[in-house]
Amino acid sequence: MEQPLVIVSTSPHVRSPRTTRGVMLDVCAALLPALAASVWHFGARAFLLALVSVGSCVAFEALSRIVMKRPQSVGDCSAIVTGLLLAFNLPPALPLWMVPIGALVAIVIVKQLFGGIGQNFANPAITARIVLLLSFPAAMTGWSAPCGVDAIASATPLKVLGEVLASRPSDFSPGDFPSLLQMLLGQRGGSLGETCAAALLLGGLYLCIRKVITPLIPLCYIGVVALCSFFYTGSPVLMLYELLGGGLLLGAVFMATDYSTSPVTRWGKVIFAVGCGLLTCLIRFFGNMPEGVSFAILLMNLLSPHIENLTAPKAFGKEKRHAKA
Amino acid sequence: MSRGIKIKHHKNTHALQAVRIGHCGMVTLLMRQGIGAPCVPCVTPGERVLAGQLVGEAQAPLAAPVHASVSGTVKKIDTVRLPTGEDVQAVVVESDGQMEFYPFQAPAVHSREAFLAAVRDSGLVGLGGAGFPTHAKLRSAAGEADILLVNASECEPYITTDHREALDRSADIIAGIQHICRWLQIREAVIGIEDNKSDAISLLKGLCWQNNTPELRLRTGVLPSRYPQGAEKIFIHTLTKRVVPLGKLPSAVGALVMNVASVSFLGRYFRTGRPLISRTVTVDGGAVPHPMNVRVPIGISVGELLKDKRIGFHLEHASDSAPLATKIIMGGPMMGVAGPDYSAVISKCNNSVILFNSSEARLKPESACIRCGRCVAVCPMRLQPLKLEKAWQARSAQDLRQLNAMGCMECGCCSYACPAGRELVQRIRLGKKFLRDQQTKGGA
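Asker: Mind showing me how you'd approach the overall build of chain B here?
Answerer: When helices and strands are counted, chain B shows 14 helices and 17 strands. Viewed in the frame of its principal axes, chain B has a C-alpha envelope of about 60 × 60 × 50 Å. When contacts within chain B are restricted to residue pairs at least 6 apart in sequence, those whose partners lie at least 24 apart make up 71%. A total of about 17600 Å² of accessible surface is found on chain B, and carbon and sulfur atoms cover 53% of it. Across chain B, the mean location of the 53 positive side-chain charges is 7 Å away from that of the 37 negative side-chain charges.

Next comes the structure, spelled out in structure tokens:
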């Protein structure tokens, strides 16, 4: 192809240097600390799991575009993000052959069949996690202990906490739990990438500084969970366990902020995040599952288009005319 | 304004006083420059004209007359195609190099009518870019406006003509404000300027303070440097907190907004009587070796302008196979119009020529919308560009109307901010045209 001599196009003639790929690579970079933490806690198997997950997501993305005879989109790196997030939602000991099944659900069914990037109505990684959880309940809840920590081997702190709260809250003794510092560093049972709160917060901070996300959704989500937990458990320490435990930070920072499945409007983001927080607490405290982040986000994903329509910004100058009329 | 975009300023020429262009062989005087009805040529080929002599009569109310910008001979009356694709009649004058002026004198003004007539005869249109005939704007503001807002924000990258106007002709600006406010009975005037022009701010602040009287309160309003700060409705809102209703003009909230160069021109015009025949233009962009501000006769072509040796742009080496610049933009990079070659002419409302090199001109490839919401976050009119784009693609007049497509001022922030390189404002523009066409069809 010959280079055009003089380019004629309509304004604007300058564009921001940010690209879709740049945004996705920023998210990958933000996920790296948590990945490193999971390798530290769960060993090389965590890395292997992430590798298989990313690899199968990228392969499914490329394949589905070829089969659907659509322009190849694997270069936008969004499949890498989905792969990492899917891996982060899996228990470290999950049999490897189950991972591509999750990738198939995430990339082919949730994302590509609905039109590819930006068109999916639900978060691919979360949907895949839920499908795997319902298909292989035992494997998906077989938590292995972090290396070198003789903490509770098979149950996540949140599960223990739930059982304690359900029976007799006064029975709570901190000895049953990893310390708050251990919770912050991720030395506890749980999914691959959800345990190390410090790494997740670091990633979130990076995303905010790089302006990939606004802090609105994470802050509202975590804030609502904090408030509800404080009033339900009546103890600031237990509240902290609720915040650091389970998949809350991973969900609030990386999953609920997914562009495609959260509202684009400012107030829409607030309502969406508050809804996620309330649903998470309802499931955690009154449901029969220890964890509610995935289901909460999935349910709010479905409401997202309606929230967005209800919170459409008023055009500048529109209010005034209404006031006069 | 919390919305809009932060954009690299590229104000490379802010320290360079405008220099007069060396020579000019030919000028093409367009009969319509900016908004309004075209003028009617009142000279014939072969006739000798003097600089400042009337060559195009404004017969419609919404038009400003056109004057010869050089002395010389009328070569022909031609039809010229503008970079926007429109065809406009033009009087082509070959310069004799003498620059002999038509005898003019300062207009004597004793009434508002005489003032408005004098403004009309000056040929002035808004020099900031849109080119609305100034006398028509002043007439509609008379009795309606209680505040004059002088726009020196200059939020487009590269352009520094307003900045230079404020620095080099500040006395004319104050004189212009005094004339306008006197005849329109306006008692308050604010010069709005972005905070990246600190030298001009301190100069104007001093002058405003000196000339502040109980009859005319004068002040300088400092605005954050954020594009599109200079857009009329945003400008009014930042300075006065008044919100112009959607689809209405600034006069609806009692504001009269004028570009600083227009005000300054009026200050000079009422002193000398010399009509609008020249203007300052910023020449910049990656393909320009020595960016500068030049004072050029109206109607000079870009090619002629670039022959000035000081710019260092060796147009004589340009050929069809190596055009030197990859994009030729008339106006700023955010809202200017790109032309196919160097033949475009400088009109009254043209404040810059930006020449991009091949890397600056490279187009961002377009990919699928990722719904990141940046376009919504940056839209100064608080619209939802991603939904407007879809509404246009679906050709849904109902959706376009409901999403207030006509409220879009086409500032381009959405397209700028989009990581997927979506042509958002371009499609909204088409959507607006679609709505206008539907309306005329419905009316007929």
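Let us keep going from here.
Asker: Got a minute to help me understand the pattern of salt bridges in this structure?
Answerer: Any two side chains of opposite charge can pair, given that their charged atoms come close. All names here are of chain B. Per the counting criterion, the structure on display carries 28 salt bridges over all chains. The salt bridge partner of arginine 310 is aspartate 308, with a shortest N-O separation of 2.8 Å. The class of arginine 310 is partly exposed, set by a relative accessible area of 39%. A salt bridge links glutamate 366 to arginine 427; the shortest N-O distance between them is 2.8 Å. Linking glutamate 366 in the loop between α9 (358-361) and α10 (374-378) with arginine 427 in helix α14 (residues 424-443), this pair joins segments that are 61 residues apart in sequence. The class for arginine 427 is buried, based on a relative accessible area of 16%. Bridged by salt links that share partners, the residues Glu165, Arg169, Asp172, Arg268 and Arg271 form one connected network.

Asker: Sorry, what's going on with helix α1 (residues 20-42) of chain A here?
Answerer: Working note: α-helix, 3.6 residues per turn, so residues spaced by three or four point in the same direction. Residue and element names in this part refer to chain A. The end-to-end C-alpha distance of α1 is 32 Å, a good match for the 33 Å that 23 residues give at a rise of 1.5 Å each. The sharpest bend along α1 measures roughly 35° and falls at leucine 32, with the proline proline 33 sitting one to four residues further on. With its phi angle positive at about 85°, glycine 43 sits one or two positions after the end of α1.

Asker: Got a minute to help me understand the packing of aromatic side chains in this structure?
Answerer: One pair of aromatic rings is described through two measures. These are the centre distance and the angle between the planes. Residues and elements named next belong to chain B. All told, the structure shown has 13 aromatic pairs over all chains when counted by the stated rule. Arranged with centres 5.9 Å apart and planes meeting at 70°, the rings of phenylalanine 101 and phenylalanine 104 form a pair that is edge-to-face. With relative accessibility at 34%, the residue phenylalanine 101 sits in the partly exposed group. The class for phenylalanine 104 is partly exposed, based on a relative accessible area of 28%. On the basis of an interplanar angle of 55° and a centroid distance of 6.2 Å, the ring pair of tyrosine 158 and phenylalanine 356 is categorised as tilted. Of this pair, tyrosine 158 sits in the loop between β9 (147-152) and α3 (161-168) while phenylalanine 356 sits in strand β17 (residues 352-356), and the two are 198 residues apart along the sequence. We classify phenylalanine 356 as buried; its relative accessible area is 1%. The positively charged end of arginine 395 is found above the aromatic ring belonging to tryptophan 392, 3.7 Å away from the centroid.

Here is what the cut-offs are and how they apply
- Residues numbered from 1 in each chain as written.
- Chains lettered and ligands numbered in written order.
- Predicted model: local features only at pLDDT ≥ 70, side-chain atom pairs only at ≥ 80, totals over all residues.
- Heavy atoms only, no water.
- Helix = DSSP H or I, 4+ residues; strand = E, 2+ residues; numbered from the N terminus.
- Contact = heavy atoms within 4.5 Å.
- Areas by Shrake-Rupley, 256 points an atom, 1.4 Å probe, with all protein chains shown as cover.
- Lys, Arg positive; Asp, Glu negative; His and termini not counted.
- Charge placed at Lys NZ, Arg CZ, Asp CG, Glu CD.
- Salt bridge = Lys/Arg side-chain N within 4 Å of Asp/Glu carboxyl O.
- Buried < 20%, exposed > 50% of the residue type's maximum accessible area, 1.4 Å probe, protein only.
- Expected span 1.5 Å × (residues − 1).
- Bend = angle between axes of the 7 residues up to and from the residue.
- Phe/Tyr/Trp six-rings, centres within 6.5 Å; stacked < 30°, edge-to-face > 60°.
- Lys NZ or Arg CZ within 6 Å of the ring centre and 35° of its normal.

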